[in-house]
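# Observations on chain architecture
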Amino acid sequence: MYAPIRMPGPLFDEIAAGGGSPEAVAFLVRGERTRRLLLLRELLDRLDADPALLGPLDATAVWSALEAAAARAPGPVDDLLLSPQVGSWLAHTLRRLHGTASGPPLWADAGQLAAVAAAAAVHAGTEAELLLPARGAAVSLPALGMVRLPGPDGDDFHAVPARAGGGRITVHGPHGPGVTVRPLDAPESAHWLPVHRLATGPGLPAVQLDDLDPYRDLDEPIAPRRLAPGELHAWHRLFRETVELLRQDGGAGPGGLRPEEISRIVPWQAKDEDAGLPVPSSGLSASTGDAFASMVIARPQDPVALAETLVHEFQHSKLGALLHLFPLVEDEERAELHYAPWRADPRHLPGLLHGAYAFVGVTGFWRARTHDADTQRRDRAAFLFALRRLQTRMVLRTLATRARLTVAGQRLVTRLTGTVDGWLREPVEPGDSGERAGCRRVAQDEGDGRTTGQVRVHQTGAAAECGLDHRLVHVDAEGPAQALADQCTPDPGIDLHHLRAGRGQDELHMREPVGVVDGGEHLVEPTLQRGPLRLREGDREGG
C-alpha cells in the first residue's frame, strides 16, 4: 500500500510562481513517471482480462521483452516510457478501451505496446521475438523512428514478425526480404527513417522533431509525413537561434525556459482543411497533458516568435503535470462564462487557469526582452509586457473571486498573483508616441467592449502594428503602476493571507496515492514489475 507523494513546499512554490528550477521541474517529471506506470499497469490488467484485444499479437511475449529490457537498462527504458510518443499512445489506447476515442482496428492501437517493447529491447541490447503492428509498409518504433518495408505502401493494418538483439532489429514484411537496422545510430536510408533531433547544446539532450510517430497528433493516429529537406533545414536554423535567445534569460524564473527540458516538437504541416482553422496557421501551437514537454507548432518566421511559443506551451505542460498531482479547482465547472483577454470566446474556469499560467510565462518572456539593444524590438517588448501583465492580473482576479479553489489552487493563484503584482510595480519605458497612441486607442475600444458571453474581436491596423491580432484591454502606459494594481485587487471577502503567511509551507500532498517521501527528500516510486508494483532497490519507505 502506498502513501501519498508529498511535494516539498519550496518546489511547489517555484512552479506556482510561474517558473521552476531544474529540481522543481524534475519533481514534476517524476510524478509523470509514476502516472505513466500506473496507466501502463491499467492497460496490462485489461489485456490480461481480455487477451483478444491484441488480436494476432502475443501479450506474454510483449511483456517478457519489456521486462527483460527494463531489468538490463532501467534508465533508457524509463526514458522511453516517459517519452511523448508512449504517453500519447497510452492515453489514446485507454480512451479507446473506455469508448471515448476512435481509430484504427483496436488490436493495432493496443498492439503498439509491442512496438514499445521492441524499442526497449533495442535500447537495452536484449533479445526479443515479437509481432509488431504495421500500417502499410511502415513500422513505428516509438521515439526512435520508422522502418519502411519493401512493397507497396497503404493504410491497411497487419502484423509483421520482428527480431531484436544486440541493438539491431530485423523486420519481415509480406513483400521482399527482411529489413535490418541499428536504430540508435543508423543514418536515414530507404528503409530507415530516424526521428529528427534539434541540438540544445554540447552534452545536453536534443529535442525531437517528430514527423513520423502515428500518435504525434492531438487526435486519432495519423500517417507519417516527412519534412521536405528545405523545411527541415529551416527548423534547424530557427531552433539554433531560438536556443541562443533563451540562454540569455537564464531559465528558472517565470518566462525563462531551459531548451533541453523540451522533449519534442511536432511540426504542424499545412493541410487542405486549413480554411477551417480558428487562427492563422502561422500562429498555431498546441499541447496535451498526455505528453509532457511535447508541443505541436507551425514553424514561425523568427526566433523570438518560436521562443515565445515554446515558453507558452511549456507552461501548459508544467501546469498539466501539476494537475495530475493536485486538484486545484473544487468542482472544475465547465460553463464557458468568463472573459479571457487573449481569446475571442468566453472560457470555463479550468481553461482560464491554464491561460493565466501560460500567460504569466509569456509576460515574463516579454519582460526579459525590454532590455533589447534594438529600439524597435525593445519598444514592442515593453508594450507587450505592459499589456500581458494587466491581462493576466485581470484573469487571476477572476480566479480568486469566482473559482472554488482547493488549498493547493489558492496557493497557486496567490503565488502567480504575487509574481504579476511585482511586475505591475515596474516602470515601463514608453516607445514611439504615435505607435503608443494607436495601441491605446485599440486597447480602450477593446476594454469598453468587454462583456460576459459576448466579446467583440478586432483586427485593426493599429493592433497588427502592435504585434497583436486579438482583443486588447485598456492599458495606459503613462499611468502609475499602482493604479493598475489597484484595479485588480481581490475582493475584500477573499482572504488569502494565511497562504502568504506560509500555511502548508513544508509540503503538499498530491492526489495520487502512488508513493511517499522519506524526510522530504527521497521519492519512493513503483517500478516496471508485474504483480504488485515494487519499489526501486535502495528506496526507503517512510512518512
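Since this is a predicted model, take the numbers as computed values, not measurements.

Rules behind the numbers
Residues numbered from 1 in each chain as written. Predicted model: local features only at pLDDT ≥ 70, side-chain atom pairs only at ≥ 80, totals over all residues. Heavy atoms only, no water. Helix = DSSP H or I, 4+ residues; strand = E, 2+ residues; numbered from the N terminus. Buried < 20%, exposed > 50% of the residue type's maximum accessible area, 1.4 Å probe, protein only. Contact = heavy atoms within 4.5 Å. Expected span 1.5 Å × (residues − 1). Core = buried A, V, L, I, M, F, W, Y, C linked by side-chain atoms within 4.5 Å. Pairing = 2+ DSSP bridges. Axes fitted to C-alpha atoms, helices over the stretch in contact; angles between N-to-C directions. Phe/Tyr/Trp six-rings, centres within 6.5 Å; stacked < 30°, edge-to-face > 60°. Lys NZ or Arg CZ within 6 Å of the ring centre and 35° of its normal.

### Examining the environment of His312
Residue position: His312 is located in helix H9 (residues 303-325). Residue classification places His312 among the buried positions, given a relative accessible area of 17%. Leave out the neighbours within four places in its chain, and His312 touches Ala358, Phe359 and Val362.

### Things to note about helix H5 (residues 84-97)
If you check H5, its first and last C-alpha atoms are 20 Å apart, about what 14 residues at 1.5 Å a residue would give, namely 20 Å. With respect to burial, H5 is a largely interior element, 13 of its 14 residues being buried. Directly beyond the C-terminal end of H5, a positive phi value near 80° is found at Gly99.

### Section: the nonpolar core
Of all hydrophobic cores here, the largest spans 75 residues; its most connected members are Met7, Ile265, Leu310, Leu322, Leu399 and Leu412. Residues within four places of Leu412 in sequence aside, it is in contact with Phe12, Ala16, Leu319, Leu322, Leu328, Leu353 and Tyr357. In terms of nonpolar packing, the next biggest core, distinct from the first, is built from 58 residues, Leu81, Val86, Leu97 and Trp107 among them.

### A word on the sheet that holds strand S10 (residues 207-209)
Taken in spatial order, the five strands line up as S9-S10-S11-S13-S12 in an open sheet, and their pairing is mixed. Two strands in the sheet have a free side with no partner beyond their single neighbour: strand S9 (196-198) and strand S12 (285-286). Each of S10, strand S11 (264-267) and strand S13 (294-297) touches H5; the most contacted strand, S11, lies at about 70° to it. Helix H8 (residues 229-247) rests against S9, S10, S11 and S13 of the sheet, and its axis sits at about 20° to S9.

### A few points about the packing of aromatic side chains
Under the criterion given, the structure shown has five aromatic pairs. Here Phe12 and Phe326 contribute two aromatic rings whose centre-to-centre distance is 5.3 Å and whose plane-to-plane angle is 80°, an arrangement assigned as edge-to-face. With Phe12 in helix H1 (residues 9-16) and Phe326 in the loop between H9 and helix H10 (349-369), this pair connects stretches of sequence that are 314 residues apart. Residues Phe12 and Phe326 agree in their burial class; the two are buried. Where Phe385 meets Trp423, the ring centres are 6.2 Å apart and the plane angle is 75°; that geometry is what we call edge-to-face. Of the two residues, Phe385 is situated in helix H11 (residues 375-402) and Trp423 in helix H12 (residues 407-424); the sequence distance between them amounts to 38 residues. Here Phe385 falls in the buried class, since its relative accessible area comes to 3%. For Trp423, a relative accessible area of 5% translates into the label buried. Note that Arg369 overlies the ring of Phe365, its terminal NZ or CZ placed 4.6 Å from the centroid. The ring of Phe385 carries Arg389 above its face, with NZ or CZ at 4.9 Å from the centroid.

By themselves, these observations are geometric and do not establish any function.
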